[in-house]
Amino acid sequence: MGEPDENPERSRGNAELFAEKRWLKILAGYRQPRAGRSAFELAVTVVPFALFWAAAWAAVHYSFWPGLILVLPAAAFLLRLFMIQHDCGHGSFFARRRVDDWVGRTIGILTLTPYDYWRRAHAEHHASAGNLDERGVGDIETLTIAEYNALSRWGRLGYRLYRHPIVMFGIGPAWLFLFKQRLPFGMMRSGALPWISTMATNLAIAVVAALLIWAVGIVPFLLVHLPTVLLAGAAGVWLFYVQHQFEETHWSKEPEWQFQHAALHGASHYDLPPVLRWITGNIGIHHVHHLSSRVPYYRLPEVLRDHPELADLGRITLMESLRCVKLVLWDEQTKRLVSFREAARLATA
């Protein structure tokens, strides 16, 4: 028999790391998509989106203004289309790279998201989520308390404005989807692909928009499609935010940072009501998704069903998630996200 480890902290760390590596093997059994199910998921998302969009346009056309409420379900199904695009980016929807890529590129015209550019940025996010040394592309900017305090007065004001809910979930999504994604920001010098993806998507968006404006008129098009895109974008940003910006999330620096631990403890299980879970493509089961991004979104509930011990990791409810908005700075001492007020209190303690 081997000698007992004299360092209990190291023993516990090794045990946790072993357990997390075991999950990688377990989750490999859920990575195979079902072609029929994937086609069904695509159909039950595209068709309702088109119908609600058309119904909202009809309401405008016949001056039945209360009918504009239909942009809400249209936005919900556009959000769900983005979740399918997201799975395509991971190669997990049809598990055939060419099919996934072209489905993702086509959906990207509707979501105003250049697929190949976004896929590369999102891959960087997955590879470095929770790593304080690798913050940047594909992340919501998060500063430590020390970094925030080291900023100039104007720098702190800028960060406060960036983190304000009106900016984060109102102005931010409009800027991101309408303007920022029209150029490959963050990848200007990363070769031709980000440029080709962005410019080709821009051209396709212009052609589709021109055809729809020709068919329905520019005012009805703007009254229907603009709020649909902005509402879906705001919901998407909110989901991305709350999946990593919760109090007990995990951030660390090299060499402490480990992919498996960061995936399980740095992403939340956003336990939404069933209807919202379906609309959002189970993206709330985000810790499992980060640990094995090749698991199709419609198989994520199977993982929690078969392994309920995962359900309580990073679990936050819809009501609890609303309190996450105030969490803006990482406290390296207590290893948790805190508010500006709490950071100020800690500084004077």
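Residues numbered from 1 in each chain as written. Predicted model: local features only at pLDDT ≥ 70, side-chain atom pairs only at ≥ 80, totals over all residues. Heavy atoms only, no water.

The name given to the protein chain in an unreviewed UniProt entry is Fatty acid desaturase, with the source organism recorded as Rhizobium leguminosarum.

A. Representation of empty space enclosed by the protein. Taken as a whole and assessed by the stated rule, the structure comprises 2 cavities of 30 Å³ or more. Counted as a void, the largest cavity has a volume near 120 Å³. Forming the boundary of the largest cavity are 14 residues, of which His125, Asp139, His244, Gln245 and Trp251 lie nearest the centre. Those elements giving two or more residues to the lining of the largest cavity turn out to be α5 (115-128) and α10 (218-242). (1 Å grid on protein atoms, 1.4 Å probe; cavity = no way out; pocket = protein on both sides within 12 Å on 5 of 7 lines; lining within 4 Å. Points joined across faces, edges and corners; volume = space filled by probe spheres on them. Helix = DSSP H or I, 4+ residues; strand = E, 2+ residues; numbered from the N terminus.)

B. Just the layout of surface pockets, in detail. Roughly 1,000 Å³ of internal volume is contained in the largest pocket. For the largest pocket, the lining is made up of 38 residues, of which Gly138, Leu176, Gln181, Val237 and Phe240 are closest to its centre. In this structure, the second largest pocket spans a volume of roughly 390 Å³. What lines the second largest pocket is a set of 17 residues, and nearest its centre among them are Leu112, Ile205, Ala209, Phe221 and His225. Of all the elements in the fold, those that place two or more residues in the lining of the second largest pocket are α2 (35-61), α4 (97-111), α9 (192-216) and α10. Here the lining of the second largest pocket gets 5 residues from one element, more than from any other, and that element is α10. Partitioned by chemical class, the residues of the lining of the second largest pocket number 15 nonpolar, 1 polar and 1 charged. (Nonpolar A, V, L, I, M, F, W, Y, C, P; charged D, E, K, R; others polar.)

C. Main features of the packing of α4 against α5. With their axes 9 Å apart at the nearest point, α4 and α5 run at an angle of 110° to one another. With respect to each other, α4 and α5 are oriented roughly perpendicular. Seen from α4, the contacting residues are Arg97, Asp100, Asp101, Gly104 and Arg105; seen from α5, they are Tyr115, Asp116 and Arg119. (Axes fitted to C-alpha atoms, helices over the stretch in contact; angles between N-to-C directions. Parallel < 35°, antiparallel > 145°, perpendicular 65-115°, else oblique. Contact = heavy atoms within 4.5 Å.)

D. Examining the UniProt feature "transmembrane region" (unreviewed entry) in the protein chain more closely. UniProt annotation of "transmembrane region" (unreviewed entry) refers to residues 39-58, 64-82, 161-179, 191-216 and 222-242 when read in the numbering used here. Secondary structure content for residues 191-216 is 96% helix and 0% strand, and the end C-alpha separation is 39 Å. (UniProt positions renumbered as here; feature names shortened; annotations may be inferred.)

E. Representation of the pattern of salt bridges within the structure. Applying the stated criterion across every chain yields a total of 15 salt bridges. The residue Glu41 makes a salt bridge to Arg80 at a minimum N-O spacing of 2.6 Å. Placement of the pair is Glu41 in helix α2 and Arg80 in helix α3 (residues 71-89), with a sequence separation of 39 residues. This pair shows no difference in class: Glu41 is buried, exactly as Arg80 is. (Salt bridge = Lys/Arg side-chain N within 4 Å of Asp/Glu carboxyl O. Buried < 20%, exposed > 50% of the residue type's maximum accessible area, 1.4 Å probe, protein only.)

F. Representation of the sheet that holds strand β1 (residues 143-144). Strands sit in the order β1-β4-β5 across an open sheet of 3 strands; the sheet is mixed. Lying at the two open borders of the sheet, with one neighbouring strand each, are β1 and β5 (336-338). One ladder, built from 2 bridges, connects β1 with strand β4 (residues 329-331); its direction is parallel. Across the sheet, residue Leu143 finds its bridge partner in β4, namely Leu329. Its contacts with the sheet put helix α16 (residues 340-348) on β4 and β5, and the angle it makes with β5 is roughly 100°. (Pairing = 2+ DSSP bridges.)

G. Representation of the packing of aromatic side chains within the structure. Under the definition given, this model contains 14 aromatic pairs. The interplanar angle of 75° and the centroid separation of 6.0 Å between the aromatic rings of Phe77 and Trp278 together place this pair among those described as edge-to-face. On the criterion of sequence distance, the pair formed by Phe77 in helix α3 and Trp278 in helix α12 (residues 274-279) is long-range, its members being 201 residues apart. Given a relative accessible area of 11%, Phe77 falls into the buried group. The exposure class assigned to Trp278 is partly exposed, which follows from its relative accessible area of 36%. On the numbers, 6.2 Å between centres and 15° between planes, the contact of Trp238 with Tyr241 is stacked. With a gap of 3 residues between them, Trp238 and Tyr241 both fall in helix α10, about one helical turn apart. (Phe/Tyr/Trp six-rings, centres within 6.5 Å; stacked < 30°, edge-to-face > 60°.)

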